[in-house]
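# Fold and geometry: a report
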Amino acid sequence: MYSLLFRHVLSRLDPEFAHHAAMAVIRVLGVPPFSWLARTISSPGPEQQVHALGLTFPSPFGVAAGFDKNAVGVRGLDALGFGHVEIGTVTAIPQEGNPKPRLFRLVPDRAVINRMGFNNAGADAAARRLRSLRRRAPRAVIGANIGKSRVVAVEDAVGDYVASATALAPLADYLAVNVSSPNTPGLRGLQAVETLAPLLRAVKDAAGATPLLVKIAPDLSDEEITAIAQLAVDEGLAGIIAHNTTIARDGLRTDAAVVEAAGAGASRERR
Ligand SMILES: Cc1cc2nc3c(=O)[nH]c(=O)nc-3n(C[C@H](O)[C@H](O)[C@H](O)COP(=O)(O)O)c2cc1C
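This section reports on the structure supplied with the text. Source: prediction; values computed, not measured.

Let's shift gears to the overall build of the chain. Within the chain, the regular secondary structure consists of nine helices and 11 strands. The C-alpha atoms of the chain give a radius of gyration of 18 Å, which matches the 18 Å a tight globule of 271 residues would have. C-alpha atoms of the chain, sized along the principal axes, occupy 50 × 50 × 35 Å. Within the chain, buried positions represent 46% of all 271 residues. Total accessible area on the chain is roughly 13500 Å²; 59% of this is exposed by carbon and sulfur atoms. The distance from the centre of the 29 positive side-chain charges to the centre of the 25 negative ones in the chain is 11 Å.

Counting residues in hydrophobic clusters, the biggest one holds 46 residues, and the most contacted among them are I87, Y161, L168, L175, V177 and V203. If we skip the residues at most four places from it in the chain, L168 touches V90, A123, A126, A127, L130, A144, I146 and L175.

Before going further, it helps to spend a moment on the pairing of strand β9 (residues 212–216). When you tally the buried positions in β9, you get five out of five residues, the bulk of the element. Of the two faces of β9, the one lined by L212, V214 and I216 and the one lined by L213 and K215 are each fully buried. Bridging between strand β8 (residues 174–178) and β9 involves four bridges; their strand directions are parallel. In the sheet register, L175 faces β9, and the bridge partner there is L212. With helix α7 (residues 193–207) bridging β8 and the parallel β9, this β-α-β connection has right-handed handedness. In this structure, β9 lies alongside strand β10 (residues 239–242), joined through four bridges in parallel fashion. Following the sheet pairing, I216 is matched in β10 by A242. Of the crossover connections in this fold, the one passing from β9 over helix α8 (residues 222–234) to the parallel β10 is right-handed.

Before going further, it helps to spend a moment on the side chain of T210. Take T210: it is sitting in the loop between α7 and β9. Accessibility expressed as a relative area gives 13% for T210, which makes it buried. Excluding residues within four positions of it along the chain, T210 makes contact with A169, A172, D173, Y174 and L175.

Between helix α6 (residues 157–168) and α7, the shortest axis-to-axis distance is 9 Å and the interhelical angle comes to 25°. Judged by the inter-axis angle, α6 sits roughly parallel to α7. Once α6 is placed against α7, the crossing between them reads as right-handed. Touching A157, V158, Y161, V162, A165 and T166 of α6 are L199, A202, V203 and A206, all from α7.

With parallel pairing, the six strands of this open sheet are ordered in space as β3-β4-β7-β8-β9-β10. Both edges of this open sheet fall to β3 (62–63) and β10, since each of them pairs with a single strand only. In the packing of helix α5 (residues 123–134) onto the sheet, contacts are made with β4 (84–90) and β7 (141–146), and the angle to β4 comes to roughly 160°.

Taken together, Y2, L5 and V9 make up a surface patch of nonpolar side chains, about 280 Å² in accessible area. Residue placement: L5 occurs in helix α1 (residues 2–8). The class for L5 is partly exposed, based on a relative accessible area of 42%.

About the thresholds
- Note on numbering: residues in each chain are counted from 1, in written sequence order.
- For a predicted model such as this one, the threshold for reporting local features is a pLDDT of at least 70, and the threshold for listing and counting side-chain atom pairs is 80 or more; totals across whole chains, interfaces and linings nevertheless cover every residue.
- Hydrogen atoms and water are omitted, and side-chain values are computed over all heavy atoms in the structure.
- Secondary structure elements follow DSSP: runs of H or I no shorter than four residues count as helices, runs of E no shorter than two count as strands, and numbering proceeds from the N terminus.
- It is over C-alpha atoms that the radius of gyration is taken, and the globule rule equals 2.2 Å times the number of residues to the power 0.38.
- Categorising residues by exposure relies on relative accessible area from a 1.4 Å probe, with only protein chains included: less than 20% of the type maximum marks a residue as buried, more than 50% marks it as exposed, and the intermediate range marks it as partly exposed.
- Areas reported here follow the Shrake-Rupley algorithm with a probe of radius 1.4 Å; residue values treat only the protein chains shown as occluding.
- When charges are counted, neither His nor the chain ends are considered; positive counts come from Lys and Arg and negative counts from Asp and Glu.
- Working definition for charges: the position is that of NZ of Lys, CZ of Arg, CG of Asp or CD of Glu.
- The definition of a nonpolar core used throughout is a set of buried Ala, Val, Leu, Ile, Met, Phe, Trp, Tyr and Cys residues joined through side-chain atoms within 4.5 Å.
- Residue contacts follow a heavy-atom distance rule, with two residues in contact if any of their heavy atoms lie within 4.5 Å.
- When DSSP finds two or more bridges between two strands, those strands count as paired.
- Crossover handedness is defined here as right-handed if the route from the first strand over the helix to the second strand goes clockwise, with the strands pointing away from the viewer.
- Working convention: axes come from line fits to C-alpha atoms, limited for helices to the stretch in contact. Angles between N-to-C directions cover 0 to 180 degrees.
- Angles below 35 degrees are treated as roughly parallel, those above 145 as roughly antiparallel, those between 65 and 115 as roughly perpendicular, and all remaining angles as oblique.
- Crossing handedness follows the turn of the near helix against the far one: under a right angle anticlockwise gives a left-handed crossing, and clockwise gives a right-handed one.
- The patches reported here contain residues having more than 30% relative accessible area and no salt bridge. Joining distances are 9 Å for like charges and 5 Å for nonpolar side chains (Val, Leu, Ile, Met, Phe, Trp, Tyr).
- Each reported salt bridge corresponds to a side-chain nitrogen of Lys or Arg within 4 Å of a carboxyl oxygen of Asp or Glu.

Geometric values such as these leave the question of function open.
Okay, here's the thing in structure tokens:
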């Protein structure tokens, strides 16, 4: 049914508009009586529970960061039976993101190129939404993914991440430090161990007892991955999220001119 909907409806719409249209439906599914119906149809069974990070995930299927950047769809995604929703990436300072268009389908590859640029309403707005969500006791685990505000210089990144961590850690089940999105200048450079170590230490202090994870890029070398894994162990992180979108363009079936026209950004294959 999804492939019919994709072929005949969604693929004819602008990708970002299609996303917002889907999110509008998801938001409706978060409100009774639609949420009751969604739960009846898609509640995961108890055998699907996963225990990790000291948390119980109702299902192994969750929603990665980037889908619900502002924590507006969590109730609907929870009603649909997702085991976790990672909101964000949230930045301390609200920002518009890159100019549109910034999301492109590569249909033959079942992939997209995105250069959204962390469009989000900021950490205070996300905290307000999470606070109101907490009162409704969702079953899904809620993670908060934080990133650097674009207007903040890379040298001042620590304070910027700490501001988001302070606002969101008390309201999230886990916190993810995103240093791997390719659409914020300088962000991926924070994956170098010399800069990552002080960043993770400061965010961990701010996060308190909330499990902390770091989200890495798929384009790192084996040596870089080993160094970050060692750092995660040394700093007592709860885990590593592998992985963000790639900047690679090799092996695509889509016409090279179409890929070229989409321009820079991260690509991600749909499975
Ligand atoms: C349109 C789009 C927006 C995304 N936005 C974010 C984001 O804001 N923060 C983030 O950490 N990852 C973001 N991602 C990356 C996803 O969370 C995920 O890590 C990536 O798609 C790889 O997972 P997959 O192989 O399951 O697709 C985005 C991905 C896409 C396609």
